[in-house]
Amino acid sequence: MSRLMRIAVREYVAYVRTVGFWLSICLMPMGLVAALWAPGLIARQTPPASLAIVDLTGKGLAARLTPSLSARQPGSDGTQAIRLVPSPVPAGTDVAGVVAALRPYVAGQRLLPDGRTLDAAAVLHGEDAGERVAIDVWTRNPANSAIQARLSEAMADVLRRERLEKAGLDPAALSAIERLTPDVAAFSPSAAGGRVELRDQLPGFIGLGMGILLWMVVLTGAGMLLNSVIEEKTSRILDVLLTSASVPEVMAGKILGVAAVAATVLGVWLSIGAALLAATQPQVAGDLVAALLHRGLVFYFAFYFVLGYLMYATLFITIGAFCETTREAQTMLGPMMILLSVPMVFLTQSLAHPDAPLLQILSWVPPLTPFLMAARAASGPPLWQVAGTGALLVAVTGLEMLVAGRAFRAGALSSSRFDPKLFFASLIGRATI
Amino acid sequence: MQTALKLEGIGKRYGDFQAVRDLSFEVAQGRICGFLGPNGAGKTSTIRMILGLVAPSEGRIDVLGAPDGRAVRSRIGFLPEERGLYRRMTPVEAIGFLAGLKGLSTGEARRRARTLLEAHGLGHAMNRQIRSLSKGMAQKVQLLSALAHEPELVILDEPFSGLDPVNQQELEGIIRALAARGATVLFSTHVMQHAERLCEQVVLLSGGRKVFDGAVEQARAAAPRRLVLEGAISPEAASALPGLVDVVCAPLAAGGVQVTGVLAPGAPAQAVLRAAFEQGLDITRFELKEPQLHDAFIVLTGQEIAA
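Residues numbered from 1 in each chain as written. Chains lettered and ligands numbered in written order. Predicted model: local features only at pLDDT ≥ 70, side-chain atom pairs only at ≥ 80, totals over all residues. Heavy atoms only, no water.

Caption draft 1: Inspection of the overall build of chain A at higher detail. Each helix and strand in chain A was counted, giving 16 helices and four strands. Its C-alpha atoms give chain A a radius of gyration of 31 Å, clearly above 22 Å, the size a compact globule of 433 residues would have. Seen through its C-alpha atoms, chain A measures out along the principal axes to roughly 90 × 55 × 40 Å. Evaluated residue by residue, chain A yields a buried proportion of 40% over its 433 residues. Sequence separation of at least 24 residues holds for 72% of the intrachain contacts in chain A that already meet a minimum separation of 6. As displayed, chain A has an accessible area near 22100 Å², and 66% of this comes from carbon and sulfur atoms. (Helix = DSSP H or I, 4+ residues; strand = E, 2+ residues; numbered from the N terminus. Rg over C-alpha atoms; globule rule 2.2 N^0.38 Å. Buried < 20%, exposed > 50% of the residue type's maximum accessible area, 1.4 Å probe, protein only. Contact = heavy atoms within 4.5 Å. Areas by Shrake-Rupley, 256 points an atom, 1.4 Å probe, with all protein chains shown as cover.)

Caption draft 2: Main features of the domain arrangement of chain A. Parsing chain A into structural domains produces domain 1 (50-175) and domain 2 (200-427). Centre-to-centre separation of domain 1 of chain A and domain 2 of chain A, based on C-alpha positions: 54 Å. (Domains from an automatic or database assignment.)

Caption draft 3: Representation of the interface of chain B and chain A. Listed per partner, the contact involves 31 residues of chain B and 22 residues of chain A. Taking both partners together, chain B and chain A bury about 2500 Å²; carbon and sulfur atoms supply 56% of that area. If you sort the residues of chain B by the area they bury against chain A, Arg73, Tyr86 and Leu101 of chain B come out on top, with a joint share of 29%. At the junction of chain B and chain A, the tally comes to two salt bridges. Residue aspartate 239 of chain A is joined to arginine 48 of chain B by a salt bridge in which the shortest nitrogen-to-oxygen separation is 2.7 Å. Between the two partners, chain B and chain A, sit eight residue pairs in polar contact (both at pLDDT 80 or more). It is helix H2 (residues 91-101) of chain B that provides the largest number of residues to the side of chain B that touches chain A, a total of five residues. Considered class by class, the residues forming the side of chain B that touches chain A number 13 nonpolar, eight polar and 10 charged. (Buried area = accessible area lost by both parts, 1.4 Å probe. Salt bridge = Lys/Arg side-chain N within 4 Å of Asp/Glu carboxyl O. Polar contact = N/O pair within 3.5 Å; in protein donor to acceptor, adjacent residues only side chain to side chain. Nonpolar A, V, L, I, M, F, W, Y, C, P; charged D, E, K, R; others polar.)

Caption draft 4: Representation of the domain arrangement of chain B in the model. Each domain of chain B was delimited in the assignment, giving domain 1 (3-220) and domain 2 (226-290). Domain 1 of chain B and domain 2 of chain B are separated by 44 Å when their C-alpha centres are compared.

Caption draft 5: Expanded view of the side chain of glutamine 139 of chain B. Inspection of the secondary structure puts glutamine 139 of chain B in helix H4 (residues 135-147). In this structure glutamine 139 of chain B comes out as buried when scored by relative accessible area, which is 7%.

Caption draft 6: Region of the structure containing empty space enclosed by the protein. Residues and elements named next belong to chain B. Within the structure shown, the criterion is met by four cavities of 30 Å³ or more. Taken as a whole, the largest cavity holds about 100 Å³ of empty space. Looking at the lining of the largest cavity, the element that brings in the most residues is helix H5 (residues 165-180), giving four residues. Of the residues contributing to the lining of the largest cavity, the split by class is six nonpolar, two polar and three charged. Taken as a whole, the second largest cavity spans an internal volume of roughly 70 Å³. (1 Å grid on protein atoms, 1.4 Å probe; cavity = no way out; pocket = protein on both sides within 12 Å on 5 of 7 lines; lining within 4 Å. Points joined across faces, edges and corners; volume = space filled by probe spheres on them.)

Caption draft 7: Geometry of the nonpolar core. Core analysis: the largest hydrophobic core is formed by 120 residues, its most contacted members being Phe316 and Phe408 of chain A together with Phe25 and Val63 of chain B. The next biggest cluster of nonpolar side chains, apart from the first, holds 30 residues, and it includes Leu156, Phe160, Ala179 and Phe187 of chain B. (Core = buried A, V, L, I, M, F, W, Y, C linked by side-chain atoms within 4.5 Å.)

Caption draft 8: Representation of the packing of aromatic side chains. Going through the model one piece at a time under the given rule, you end up with nine aromatic pairs over all chains. Between phenylalanine 303 of chain A and tyrosine 304 of chain A the ring centres are 5.1 Å apart and the planes differ by 75°, which places this aromatic pair in the edge-to-face class. The exposure class assigned to tyrosine 304 of chain A is buried, which follows from its relative accessible area of 1%. Grouping aromatic residues by their ring pairs yields a cluster made of Tyr300, Phe301, Phe303 and Tyr304 of chain A. A cation over a ring is seen here: arginine 10 of chain A above tyrosine 86 of chain B, with NZ or CZ 3.5 Å from the ring centre. (Phe/Tyr/Trp six-rings, centres within 6.5 Å; stacked < 30°, edge-to-face > 60°. Lys NZ or Arg CZ within 6 Å of the ring centre and 35° of its normal.)

Caption draft 9: How the structure looks around helix H5 (residues 146-166) of chain A. All names here are of chain A. Its 21 residues place the ends of H5 30 Å apart at the C-alpha level, agreeing with the 30 Å of an ideal helix rising 1.5 Å per residue. Among the residues making up H5, those that are buried are Ile147, Arg150, Leu151, Ala154, Met155, Val158 and Glu162. Looking down the long axis of H5, one finds its buried residues gathered within 120° of arc, a one-sided arrangement. Of the residues trailing H5, glycine 168 is marked for its positive phi of about 105°. (Expected span 1.5 Å × (residues − 1). Arc of directions from axis to C-beta.)

Caption draft 10: Focus on the packing of helix H9 (residues 247-280) of chain A against helix H10 (residues 282-293) of chain A. Residues and elements named next belong to chain A. Where H9 meets H10, the closest approach of the two axes is 5 Å, and the angle between their N-to-C directions is 125°. Relative to H10, the element H9 is oriented oblique. Listed contacts from H10 to Leu277, Ala278, Ala279 and Thr280 of H9 are Pro282, Val284, Ala285 and Leu288. Considered class by class, the residues forming the contact of H9 with H10 number seven nonpolar, one polar and no charged. (Axes fitted to C-alpha atoms, helices over the stretch in contact; angles between N-to-C directions. Parallel < 35°, antiparallel > 145°, perpendicular 65-115°, else oblique.)

As structure tokens, then:
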């Protein structure tokens, strides 16, 4: 086994033995499941909100609202169901009087005749003699605006229907008109069968996913590499390592080891996701595989992914060599995180506008290239752009690794706090260590 | 005898600070060489240059035939001054890993690790995490990790620091055993007694300069021999003794005087004793104190060294 591989294996085993590694493996799928199921579960388990409507308009609007408000089932979109209850106060003509009578119920100071609490009350009243209707919604939970939105939507339907009926439209014809929706189909010359299907959109989603995946790997790897180098530097193990292996071997071994850790974690997550997808949506899973294999897209992603990881990992391991403590490393991580947030800003945009001129230009900026070129995969960027950005990325990463080797040695053997002067001197090979 | 290590006019500057200047010495194969000097003398800087961790500002190095340690790293064993091991590794894993980096196969590295640990009384702890070992045990593990690949040149930077007397004695045994199997040992220390017991050659450094290079006996010869006389001796009579200079008299609690003096170069101690008897001095104790390496260091460098 080569020295590089020995260092990589040691690095890998050191992380695999930690509790955090296994927590990472287990918690993410559990968190994902929770994120998917929790909103619906909460909505289903939450009792319907009791709503009383007091209609002061004299037009019988409350009765017309009832079907619409009771129609929606809870849970599908995470909204709370509504249970209409008879108003505990008689409808008068005075809004202020009605509100004053309702307030103790909404505040929970008084209970409904059935012994339950009133969650919200809506007072319908006309603002003038015309058709305008105002709804004053009194609710126990001011943060929950769902009831207000449902009432507004339902009342708008009622008023629209009323106006159209007054204009002479038959209610049955009106219902038929409301059901009218066009059958829209999308076609594209780049779609396999002409008609755009999910599988034709998959490269875009995969590209976005790869960009986010790279971002996650870089973020995870950054912390691991920084901590690993700092630990070895403060305990002077790095001195022993550097007398046993070359700087490129030490750096590459650590980068490879951490990459293997990240790959293991992501591999487990992706395998679980793929297994679930294959079990529940075999067609989509098949399309996904086909999309990845189509025109060697998997190699396209792999190329940018590997180079992107190498570029950022080299940067982080070099910075780690210049830090004496984790606190120093954390302060250095701040600017790095700002740098890393830039690709995320453009990543989502590249799905909707993959060929936007700004994104095309930014694709040539090496720190952004791996993210943006991956996300632009769906639009099939011109070959010259792929070759050009790829060549530039290879050149910049290669140069970075060359310079980083010198800097890493200088940083690893220095025993002072982070010194920008030493850092920059080491980059141009003028550091005295 | 072949030369394992040769330094010619080595210097090292850190900005305006000259850590090592014009340092030349060589160590023959199979020798134990003590690299001595107070803290800040330039010992660690020199060791780092030999290992290739830092480049010399001037001069030439020859390590086992290579210009620096990097080209022959698998033939060198190194114990740094500041100790450190992966705390969550077991001794077997740590020694196996570092020996593996020096070119041993994984199986062989682990086999040797177990053998060494057993041989040095750490067999019971070989599968415990290093963080649970005592400082002395961890230091021993680190030393063994530098030796497991049976290097031709062993460089130990302050190997005795932090060890209790028992472990210091064991370390001396290990160093002698290394030389006995033909390895060259260069160890730095600021404690002269270890060098006196172990070394065939010592290189003394002070302020980045070499002040002595040679055998321990030669170094001792640079320091004066002292004579101690006790009895009913007057200061005048003591000062009149031939070959005795820098005489200091101190009264003894039990009565009488203790006279301490430096023997002039070439003056025999017996001549002083004979003269004392001839003068009828009442001598109750006579002791010739041969100089120690510590004394030689003070003479050679003009400074006291921290114990």
